[in-house]
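Residues per chain, in single letters:
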Amino acid sequence: LHPEGKSLEKALYWYTRAAEADDDESQCQLGNLYGSGEIRSGLPEENDEKAAYWYQKAADQGVAKAQYSLAFCYEQGKGVKRSLSKAREWYERAASQGHHPAYYPVGQSYLNGKGTPKDERKAFYWFEKGALSGNVKCKTSLATCYHYGKGVDKNFSEAARWYEDAAKDDDTRAQLHLGLCYEKGNGVHRSLQEAFYWLDKSSSGGNIRAKYHLGRMHESGMGTVVSLEEAFKCYRDAAEGGEVQAQCSVAWCYQAGQGVEPCDKSAFEWYLRAAENGDVNAKRKIEQYRVKVCGRPCSDIICTSQVCTANWRNYTLAALLKVGL
């Protein structure tokens, strides 16, 4: 049942009649119904097109939430041809009317030059407006602007203040950066215990990068007791999530038997994954393995060296040749 006990079909009928009479709120509601998938008639692509059509109608009449939804359609290519420039235009129109959710995407558009020339000052402007309105993503992005001097003079204290504000709202990216601020003493009094606390919260929230840094804390005993086993677990979780530095750390743990049983094959496999992801140190390690396998630099397709007879070593050589290292 739809609001007021009406069936969805009846709601659709009356919304359509009102929308065709240029009632902007009904046009927006129709866009929501078609865009949400509540209406199950026709193909999903056809519903997306109808959603974009009605959002456009309402957006042209100045409805901010419709402008925001239309911008999202253009950004994702849902029901319309994908256009980052039109997405930025409609996000900005919505933001200019005070529609809070639009502040972050328009700021990101200017920060990264998506659909518009890059302009860090404008990005800062929209992130600040969003942060002051309570938008958590904007708080973190505003902190990042202060941290790295994007669109504003670098200011570690302001960065830490906004990171903490967003971190208390459970933004894992802010928690990560706040933890690193405490580790380095950037904008706050250095505290390894606080660093560990915030990195642990971010990691528990699923932030892969934080898991890697938490592994460092466990490995070195910063803000906690040394635990090579916990360090390895953190590195492995982050590595499996695609964190390249963590992939190198997992490889080193296997190579050195640090927090896990030593295993050359596993070490090589993780170095290879990191090397394929562009890590320079991992590529150096792969080169060392190549020399170790063959006793000399080797790029031949077939290698008959006696040291290549073990299964894992043959696998290693084959993999090395596969990536052209």
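Counting of residues starts from 1 at the beginning of each chain's written sequence and follows it residue by residue. Per-residue local features of the predicted model are confined to residues with pLDDT of at least 70, and side-chain atom pairs are confined, for both listing and counting, to 80 or more; whole-chain, interface and lining totals are unaffected and use all residues. Computation of side-chain values covers all heavy atoms of the structure but excludes hydrogens and water.

Draft legend 1. Geometry of the pattern of salt bridges. Salt bridge criterion: a side-chain nitrogen from Lys or Arg within 4 Å of a carboxyl oxygen from Asp or Glu. Throughout the structure, instances matching the rule amount to 15 salt bridges. Glu89 serves as the salt-bridge partner of Arg93, at 2.9 Å between the closest nitrogen and oxygen. Of this pair, Arg93 and Glu89 both sit in helix H5 (residues 84-96), 4 residues apart, which is roughly one turn of that helix. Partly exposed residues are those whose accessible area sits between 20% and 50% of the maximum for their type, while under 20% is buried and over 50% is exposed, using a 1.4 Å probe and protein chains only. On the basis of relative accessible area, Arg93 is assigned to the partly exposed category, the value being 39%. Glu89 gets classed as partly exposed once you look at its relative accessible area, which sits at 28%. What emerges from the salt-bridge pattern is a single network uniting Lys118, Glu120 and Lys150. Starting at the N terminus, helices and strands are each numbered in turn, a helix being any DSSP run of H or I of at least four residues and a strand any DSSP run of E of at least two.

Draft legend 2. Broad picture of the side chain of Asp279. Looking at the secondary structure, you find Asp279 in the loop between helix H15 (264-276) and helix H16 (280-294). For the buried Asp279, which has no salt bridge, the nearest side chain bearing the opposite charge is Arg284, at an N-O separation of 7.1 Å. Side-chain atoms alone can form a polar contact between residues adjacent in sequence; in general such a contact is a pair of N or O atoms within 3.5 Å, and within protein one must be able to donate a hydrogen while the other accepts it. A polar contact of 2.8 Å, which involves the side chain of Asp279, links it to the backbone nitrogen of Ala282. The convention is simple: Lys and Arg are positive, Asp and Glu are negative, and His and the chain ends are not counted.

Draft legend 3. Molecular detail of helix H6 (residues 103-112). Across the 10 residues that make up H6, a large majority, 9, are buried. Taken as a whole, H6 has its buried residues at Tyr103, Tyr104, Pro105, Val106, Gly107, Gln108, Ser109, Tyr110 and Leu111. Among the residues trailing H6, Gly113 stands out with phi positive, at a value near 65°.

Draft legend 4. Region of the structure containing the packing of helix H10 (residues 172-184) against helix H11 (residues 192-204). One way to put it is that H10 packs onto H11 with a least axis distance of 7 Å and a crossing angle of 160°. With respect to H11, the axis of H10 lies roughly antiparallel. Crossing of H10 against H11: the hand is left-handed. Contacts between H10 and H11 pair Thr172, Gln175, Leu176, Leu178, Gly179, Leu180, Tyr182 and Glu183 from the former with Leu192, Glu194, Ala195, Trp198, Leu199, Lys201 and Ser202 from the latter. Ten residues, namely Ala, Val, Leu, Ile, Met, Phe, Trp, Tyr, Cys and Pro, are considered nonpolar, four, namely Asp, Glu, Lys and Arg, are considered charged, and the remaining ones, Gly among them, are considered polar. Its residues assigned to classes, the contact of H10 with H11 comprises 8 nonpolar, 4 polar and 3 charged. Every angle, taken between N-to-C directions, lies between 0 and 180 degrees, and every axis is a line fitted to C-alpha atoms, over only the stretch in contact when it is a helix. Orientation labels follow simple angle bins: below 35 degrees gives roughly parallel, above 145 gives roughly antiparallel, 65 to 115 gives roughly perpendicular, and whatever is left gives oblique. For any helix crossing, the convention is left-handed if the near helix is rotated counterclockwise from the far helix by under a right angle, and right-handed if that rotation is clockwise. It only takes one pair of heavy atoms within 4.5 Å for two residues to be counted as in contact.

Draft legend 5. Examining the environment of Lys283 more closely. Its location among the elements puts Lys283 in helix H16. Since its relative accessible area comes to 38%, Lys283 is described here as partly exposed. Linking Lys283 and Tyr271, residues 12 residues apart in sequence, is a C-alpha distance of 7.4 Å. Each residue touching Lys283, except ones within four places of it in the same chain, is listed here: Ala275 and Gly278.

Draft legend 6. Examining the packing of aromatic side chains more closely. Only rings of Phe, Tyr and Trp enter the pairing, Trp through its six-membered ring, and a pair is recorded when the two centres are within 6.5 Å. The plane angle decides the type: under 30 degrees is stacked, over 60 is edge-to-face, the rest tilted. This structure, assessed with the given rule, holds 10 aromatic pairs. For the ring pair Tyr103 and Trp126, a centre distance of 5.8 Å and an interplane angle of 25° mean the geometry is stacked. Here Tyr103, found in helix H6, pairs with Trp126, found in helix H7 (residues 120-132); they are 23 residues apart in sequence, far enough to count as distant. Pair check on accessibility: Tyr103 and Trp126 agree, each one buried. Between the aromatic rings of Phe232 and Tyr254, the centroid separation amounts to 5.3 Å while the plane-to-plane angle is 85°, which identifies the pairing as edge-to-face. Placement of the pair is Phe232 in helix H13 (residues 228-240) and Tyr254 in helix H14 (residues 244-256), with a sequence separation of 22 residues. Summarising the burial analysis for this pair, Phe232 and Tyr254 share the class buried. An aromatic cluster is present here, built from Tyr103, Tyr125 and Trp126 joined pairwise through their rings.

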